[in-house]
Amino acid sequence: MRAVWLAAVSGAALLGFTVQAAPTQASVDFYIATYGALAPDQDARAALAQRVFERVRAAADKSPRRTPKLVVIAGATDAWAIALPSGHIVLSRKGLELCFKDADPQTAEARLAFILGHELAHLAHDDYWHHEVESFLAKAPDTQKIAHFLDQSFEARQAELAADDKGYLYAAMAGYPVERLVDSKTDFFTFWMQQTQARITSSHPFPEDRAALLRERLKMLQEKLAFFDMGVRLAHFGRCADGMYFLQEFKRVFPEPAVLNNLGVCALQLALQEMPKAQVQFYWLPFLLDVETRAPRTRGAGVEPARRFLKDFQADSPQAQSHLKEAAEYLEQAVAAAPDYLTARLNLAAVRLYQGRPHQARATLAEALELNPNDWQAKMLDALALYEQSESGIDLWPAAIQRLEVFAGDTPPAWRYNLARLLELRPRPQEAQDLWNFLAQTAAELPETVRQTVCAKQSLKPSSACLNPAPQGAASPLPWRWPVAAEGALPVTPSLRAKLFAGWEAIPFDWFQPKLYGFIHRSPDRRVEVMEMDQFVLLQAIKDGLRLSIEELPKFCPRPLIRHRLLNGELFTCGHWAVLVRGGRASEAWWIAS
């Protein structure tokens, strides 16, 4: 039996709009039997489509009733896609080819990611209004009646706009440059209609309306980016209790892996504040903040005796355990949203070690080492987790030591620290002492809790690097000027606010429970940001124009800079200011009030 339908009734809002023959069945087998499947090993673009689909699927919302799968069909001559109740997304070869027409590789992938994200949105929200149309067609197979039916479908139009919005977010969270869909002279929707010579029904929004919606979404994300950036800066300066509110505000609109990772890191830091000092200082387990969101952008005290296992500390406070549980939940979400996100797996492994779950830590690290077999932090954590698996009658210390004693290249300080920890547990104390003394020579550059342990264990007399605050001489004046006087927390009156930030963008925040309120002030060129909290200037950032190398930074700090590894660079901290370095050059400067 022949059925007539409109390609516009497919789940893809941007595909079709022309009358053509097609099945009324919702079975993927019908499409494969009718048109033939284009296997990834047969076609390079079909293989790319599968890779893009996997990334977008990881970031997308999901229905518990189905697992999304992609099928590219070979025989259809029109450009279209459809989401089936079985969980399959069917994409025509012509639709795939149009993504690459007149486009560079990044733009082509962004187009494809958006199309697939749009269809995944239909799957996630059980949105199959086109199957209602098919039921109608079975009863009244008349083209004019079909068009009339579609013209009345306001619900379908709203569903398509919602799928556009979700698809745009899914593709962005997967890391594709979706701003390219709307930032050129011809937006993607208009391009698609021009290429397919499609007509419009009122069941689908006009291309200019759809492009306008995504431009508004992009504009909103630009505003919310300020919350992500401020949350990261507060986390770096140890203000996670406040920083989590900023990160959670960004998560509401863009729950991508980086923000989930940073929320997990913040929860871990709060847990560390509740733990005994000896537990915190037992190992050096680095955690990594991620300063790069995937959202599209436009322009000393004494040290307690060491214990044998970190898991010996598991009788710590309920508050610490609660924070660790929260950290694990955020990091698990980040891993699920981006299976190739190494940073979240490393942070999750550290949390598992603090929770006394070395077996789970090693399972996470096995996946991390599949992503990058040469990552030193993954190797180090795996060696520590291996040792922590030791039980009565099962001594894994020799195996852990053997792994830690093998390192090619310049050994990171954290690696030396943890090797020293394990060496001093057995009759190899002199080797451990040599490592402590080596670390003590640059103790002033180490994080404070690590520095305390190193300085307590070193045997160099005296060790100038362990002096507090370990001054190194007069510092040169900073080569940049902070937008607001950087001398304590400056109170901001209404008149001063108007004077300082005339013509600037003001992004308000007001959270009742923690009683945090204020503004993020952003200069018109977005090169400078100032956060005002509770009517005081708390944090400032200069995001461009520093023009400094790593080698130049030390002369501006009266003591050795503290170096922090990040996923996308490094942070060099001197008291209340820090510089973000990428590619050997300073890219941002941050300041926080004392």
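Coordinates for the structure precede this section.
About the criteria used
- Residues numbered from 1 in each chain as written.
- Predicted model: local features only at pLDDT ≥ 70, side-chain atom pairs only at ≥ 80, totals over all residues.
- Heavy atoms only, no water.
- Salt bridge = Lys/Arg side-chain N within 4 Å of Asp/Glu carboxyl O.
- Buried < 20%, exposed > 50% of the residue type's maximum accessible area, 1.4 Å probe, protein only.
- Helix = DSSP H or I, 4+ residues; strand = E, 2+ residues; numbered from the N terminus.
- Phe/Tyr/Trp six-rings, centres within 6.5 Å; stacked < 30°, edge-to-face > 60°.
- Lys NZ or Arg CZ within 6 Å of the ring centre and 35° of its normal.
- Axes fitted to C-alpha atoms, helices over the stretch in contact; angles between N-to-C directions.
- Parallel < 35°, antiparallel > 145°, perpendicular 65-115°, else oblique.
- Left-handed = near helix turned anticlockwise from the far one by under 90°.
- Contact = heavy atoms within 4.5 Å.
- Nonpolar A, V, L, I, M, F, W, Y, C, P; charged D, E, K, R; others polar.
- Expected span 1.5 Å × (residues − 1).
- Pairing = 2+ DSSP bridges.
- Disulfide = S-S within 2.5 Å.

Another aspect to go through is the pattern of salt bridges. The full count for this structure, using the stated rule, is 30 salt bridges. Salt-bridge contacts for Glu292 lead to Arg582; the nearest nitrogen and oxygen are separated by 2.6 Å. According to the relative accessible area criterion, Glu292 is partly exposed, its value standing at 30%. The exposure class of Arg582 is partly exposed, given its relative accessible area of 26%. Between Lys543 and Glu529 there is a salt bridge; the shortest N-O distance is 3.6 Å. Note that Lys543 is positioned in the loop between strand S10 (536-542) and strand S11 (562-566) and Glu529 in strand S9 (residues 528-533), a separation of 14 residues in sequence. The class of Lys543 is partly exposed, set by a relative accessible area of 21%. Look at Glu529 and you get buried, because its relative accessible area is 0%.

A few words now on the packing of aromatic side chains. The tally for this structure, following the rule as stated, stands at 20 aromatic pairs. Aromatic side chains Trp284 and Tyr417 sit 5.9 Å apart centroid to centroid with 85° between the ring planes, which places their arrangement in the edge-to-face category. As far as burial versus exposure is concerned, Trp284 and Tyr417 are alike and both buried. Connected via pairs of aromatic rings, a cluster forms that spans Phe227, Tyr245, Phe246, Phe509 and Trp511. Directly above the ring of Phe100 sits Arg45, whose terminal nitrogen or CZ lies 4.4 Å from the centroid. The ring of Tyr176 has Arg55 lying over it, and the distance from NZ or CZ to the ring centre is 4.3 Å.

Here we take up the packing of helix H16 (residues 376-388) against helix H18 (residues 413-423). Two elements in contact, H16 and H18, have axes whose closest approach is 10 Å; the angle formed by their N-to-C orientations is 15°. Classified by the interaxial angle, the pair formed by H16 and H18 is roughly parallel. The way H16 lies across H18 gives a crossing that is left-handed. When H16 is examined against H18, the residues Trp376, Lys379, Met380, Leu384 and Tyr387 are found in contact with a partner set consisting of Ala414, Trp415, Asn418 and Leu422. Classifying every residue of the contact of H16 with H18 by side-chain character gives 7 nonpolar, 1 polar and 1 charged.

Here we come to helix H13 (residues 318-337). An ideal rise of 1.5 Å per residue puts 28 Å on 20 residues; H13 measures up with 29 Å between its terminal C-alpha atoms. Burial in H13 covers these residues: Ala320, His323, Leu324, Ala327, Ala328, Tyr330, Leu331, Ala334, Val335 and Ala337. In this structure, the buried residues of H13 make contact with helix H2 (44-59), helix H10 (240-253), helix H11 (257-274) and helix H14 (342-354).

For the rest of this paragraph, the subject is the sheet that holds strand S5 (residues 88-92). In any sheet, the strands associate via hydrogen bonds between backbone groups, in a parallel or an antiparallel arrangement. In spatial order, the strands read S3-S5-S4; together these 3 strands make up an open sheet with mixed pairing. The outermost strands of the open sheet, each flanked by one partner alone, are strand S3 (69-73) and strand S4 (81-83). Each adjacent strand pair in this sheet contributes to an overall mean axis angle of 15°, direction not counted. Judged from the 5 bridges that link them, S3 and S5 form a sheet pairing that is parallel. Within the sheet, the bridge partner assigned to Lys69 lies in S5 and is His88. Here helix H3 (residues 93-100) sits on the sheet and contacts S3 and S5; the angle it forms with S5, its principal contact strand, is near 70°. Against the sheet, helix H4 (residues 105-124) contacts S3, S4 and S5, and its axis sits at roughly 25° relative to S4.

Position of Tyr417 among the secondary structure elements: in helix H18. Separated by 19 residues in the primary sequence, Tyr417 and Trp436 place their C-alpha atoms 7.2 Å from one another.

The subject of this paragraph is the packing of H14 against H16. Relative orientation of the contacting elements H14 and H16 amounts to 20°, with a least axis distance of 11 Å. Relative to H16, H14 is oriented roughly parallel. In terms of crossing hand, the pair formed by H14 and H16 is left-handed. Side by side, H14 and H16 meet where Leu346, Ala349 and Leu353 of the first sit next to Gln377, Ala378, Leu381, Ala385 and Glu388 of the second. Grouping the constituent residues of the contact of H14 with H16 by class yields 6 nonpolar, 1 polar and 1 charged.

Applying the stated criterion to the full structure yields 2 disulfides. What pairs with Cys240 in a disulfide is Cys266, and their sulfur atoms sit 2.4 Å apart. Between Cys240 and Cys266, the S-S dihedral sits near -75°, and the bridge is therefore left-handed. Here the residue Cys240 occupies a position in helix H10, and Cys266 occupies one in helix H11, the gap between them amounting to 26 residues. At a sulfur-sulfur separation of 2.0 Å, the disulfide partner of Cys557 is Cys574. Torsion about the S-S bond of the Cys557 and Cys574 cystine: about 85°, corresponding to right-handed handedness. You can see Cys557 sitting in the loop between S10 and S11 and its partner Cys574 sitting in strand S12 (residues 569-574), a full 17 residues away along the chain. Residue class for Cys574 comes out buried when judged on its relative accessible area of 6%.

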